[in-house]
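Overview (structure and organization)
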Amino acid sequence: MPDQITSTNNQYISEPNQHIQQYLDYYCELSQSPKFAILLKGKWGCGKTWFINQYREKLKTKGKKSLYISLYGITNYSEIEDSLFKQLNPLNHLLASKEMVIVGKICKGLLKGALKIDLDNDGQEDGRWSFSIPDIDIDKKFKDSQFSLLIFDDLERCSINIENILGYINDFVDSQDLKVVIIANEDEINNDRDKQEKYNKTKEKLIGKTFDVFPDLSGALHTTINQISNSQVKEILTKNLALLQELYLQAECKNLRILNQVILDFQRIFEGLPEKAQNKSKLVEEVLELLIIFSIEIACARLHPQEISRIDQELAKEIMSEIRRNNHSNLTEKNNANTENTEHKDSIFKKYQKLYNSYYFSGLRAFYGVYPSLLWWEAFFDKGLIDRQYFEESLPNSKFFQEENAPNWMKLLRYTMLTDREFDKTLDLVKSEYLNRAFEDIGIIKHITGLFLLFSDIKVYDKDKKSIIDEAKEYIDQLKNSGRLDTEYRSNPFGDVYMSIEFNSKDDPGFKEFDNYIKQCQEEVRIQNIPNEAKKILDMMQNNIAMFQHTIFFNAGSNFDSLGQKSYYDYPILKYLPPEDFIKTFLILPYQDMGYIFYCLRNRYSSPNFAKNLVDELDFLKKIQSLLLAEISQKTGKISGYLLSSLNKEYLEAIISNLEQVEQPL
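What counts, and at which threshold
- Residues numbered from 1 in each chain as written.
- Predicted model: local features only at pLDDT ≥ 70, side-chain atom pairs only at ≥ 80, totals over all residues.
- Heavy atoms only, no water.
- Core = buried A, V, L, I, M, F, W, Y, C linked by side-chain atoms within 4.5 Å.
- Buried < 20%, exposed > 50% of the residue type's maximum accessible area, 1.4 Å probe, protein only.
- Helix = DSSP H or I, 4+ residues; strand = E, 2+ residues; numbered from the N terminus.
- Contact = heavy atoms within 4.5 Å.
- Salt bridge = Lys/Arg side-chain N within 4 Å of Asp/Glu carboxyl O.
- Phe/Tyr/Trp six-rings, centres within 6.5 Å; stacked < 30°, edge-to-face > 60°.
- Lys NZ or Arg CZ within 6 Å of the ring centre and 35° of its normal.
- Expected span 1.5 Å × (residues − 1).

Core analysis: the largest hydrophobic core is formed by 50 residues, its most contacted members being Leu237, Phe266, Ile269, Leu283, Phe294 and Trp377. Ranked by the residues each element gives to this core, the list is headed by helix 15 (residues 281-299), at 10 residues. Those residues in contact with Ile269, other than ones at most four positions away along the chain, are Val287, Leu291, Trp376, Trp377, Phe380, Ile386 and Phe391.

All right, on to the pairing of strand 8 (residues 180-184) then. Of all 5 residues making up strand 8, 5 are buried, and the element is well covered by its neighbours. Neither face of strand 8 is left uncovered, since the one carrying Val180, Ile182 and Ala184 and the one carrying Val181 and Ile183 both have all their residues buried.

Turning our eyes to something else, we now look at the pattern of salt bridges. Inspection of the entire model under this criterion finds 28 salt bridges. In this structure, Lys60 and Glu57 form a salt bridge, with 3.5 Å as the shortest nitrogen-oxygen distance. With a gap of 3 residues between them, Lys60 and Glu57 both fall in helix 2 (residues 48-61), about one helical turn apart. Taking relative accessible area as the criterion, Glu57 reaches 30% and is therefore assigned partly exposed. Of the charged contacts in the structure, one is a salt bridge between Glu533 and Lys536, with a shortest N-O distance of 3.0 Å. Here Glu533 and its partner Lys536 are both found in helix 25 (residues 509-543), 3 residues apart, which amounts to about one turn of the helix. One connected set of salt bridges, linked through shared partners, spans Lys41, Glu186, Lys203 and Asp212.

With that out of the way, let us pick up the packing of aromatic side chains. Evaluated as defined, the whole model comprises 29 aromatic pairs. What links up through ring pairs into an aromatic cluster is the set Phe294, Tyr371, Trp376, Trp377, Phe380, Phe381 and Phe391. Lying over the aromatic face of Tyr434, Arg437 brings its terminal NZ or CZ to 5.8 Å of the ring centre.

Looking along the chain, the bond that leaves Tyr371 and enters Pro372 is cis, with omega of -5 degrees. Relative to the elements of secondary structure, Pro372 occurs in the loop between helix 18 (353-359) and helix 19 (374-383). In the Ramachandran plot, Asp154 falls in the positive-phi region, its phi being about 60 degrees despite a non-glycine side chain. Residue class for Asp154 comes out buried when judged on its relative accessible area of 13%.

Attention shifts here to helix 30 (residues 618-634). Over its 17 residues, helix 30 extends 25 Å from the first C-alpha to the last, a length consistent with the 24 Å expected when each residue adds 1.5 Å. The elements touched by buried residues of helix 30 are helix 27 (579-586), helix 28 (591-604) and helix 31 (639-660).

In short, shape yes, function no, at least from these values alone.
Laid out in structure tokens, this is it:
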């Protein structure tokens, strides 16, 4: 169970650090100077700074104050004194200015010196600290203003020699009789042998009490959540406090800074979700669970972002192997999922029992059908992408909305969640719809074909794989012959998926054969239609040059998809266009448009990945160059001839030369 929370004026310090708070209370109430400082130590991210800030807030409630100095990056003592001077003066806007600080220093004078140190009280000088004696007398200011503590944070990150900075701090304790708290990551200091020796030697005189600060998860949660501006997000996080603490503790994570990042990321993700998703508490809870788990595992270097999507593949192997064992009890094959990599992932996530209990799974099964998808989570952690459109597209397919207008084929995709009766009924419905050619979407047909192959493999479908593929090809033939075959279908950019769902049996030889057959038929249809499509390009050159650009070369910022015009940036459509027609149209354009046409052509072949698919247009380009040169020859001595010649030299010659060097695809 999480630690009990103690509230102090809306500030929280949990049980593990109560003893430190109690000792600080005692230390601050001492009527005489204790002549020693307190050290608070702990690893980076454990909450040392957070703890001392909470304690400072507690002091405020008692009318007492404190001074705080971060030594992070400090290179000289004047930086410390400037900070103290600003905090001590209530008129910060005037007296804390650089000019006033300089004036103050001139008036008081800069004292520098060397202080002899007798560490063991034997009357002999054991060393000499060379440092600047604090050029600011704050003893009286402390007493007058009810100051209780002088705090120095980030000792290990100070750029001043560690002996010297400790000697400097010692003067506040020893000469000015102040109560001082030092905060440090001792492990970082001890990693440097030379630094460690000097540190241990000098801290003995200065430090009287040392405390280890434990991660204050409860307190950090409350403080961070209270800083969230979105009231809806704050309410969700507050409601799921127990979940946050439980998963964090199960991960055995000590770094509280990860927690702060998790909460900020959750707000960003939540605000990107569709309103319908925001109102689905189970969905939001799962998003929070996954965010916590992946964030911690990645931050602790136990998981790489690019490994997230592989969970899907390993899970598929695990489910497939289990189904086979259940349907072939006489087989002794090993579980294909028990690979070294799968066992590694399973061991990483096995500790998160909360997530497993939510969905009645174990091991990697906890990640089946997560929203929006494991591929999305990988993109989020690897590249910081949110992609609100992907949120929208994934929503109808998520398990949280599966009963809301879900088509039968979609229900069949969730076969692991169906009873035997539900499975048989849904399979019969999909088979009937398939036979009646109810589907025209190529992605859906591929999903159904993949399912049929899977079900045939595990003996819950009565057709063999060859028959399934033959029927699928026949289906595509009927679409092609009736003019209904979509030639523009492309897989989702997140992977070999459609509608945010990966195809079943995508590695099956039969499925790959079917996929290639679809592409072949699409190519045949495209070739049949291409002459008509090519003629449209001539009209675009004259009447819609922006659409011409969109059609012939890839432009990520283009907004013309909504107009329904296909893009042929990676298809050699120009080889189907008569060069004579192109030049005839080209020559009647204004000179500025001529230049833009050639500019678009140059961009068309600028990408090697696209250019290798466009090599077949080389003859077309050479023919239009020949026709253009003939026109230039007829206009020798005229400005139009000069301009056309310039376009040929600036664009067309380079285009042809570069395309001749492109390696053609095998």
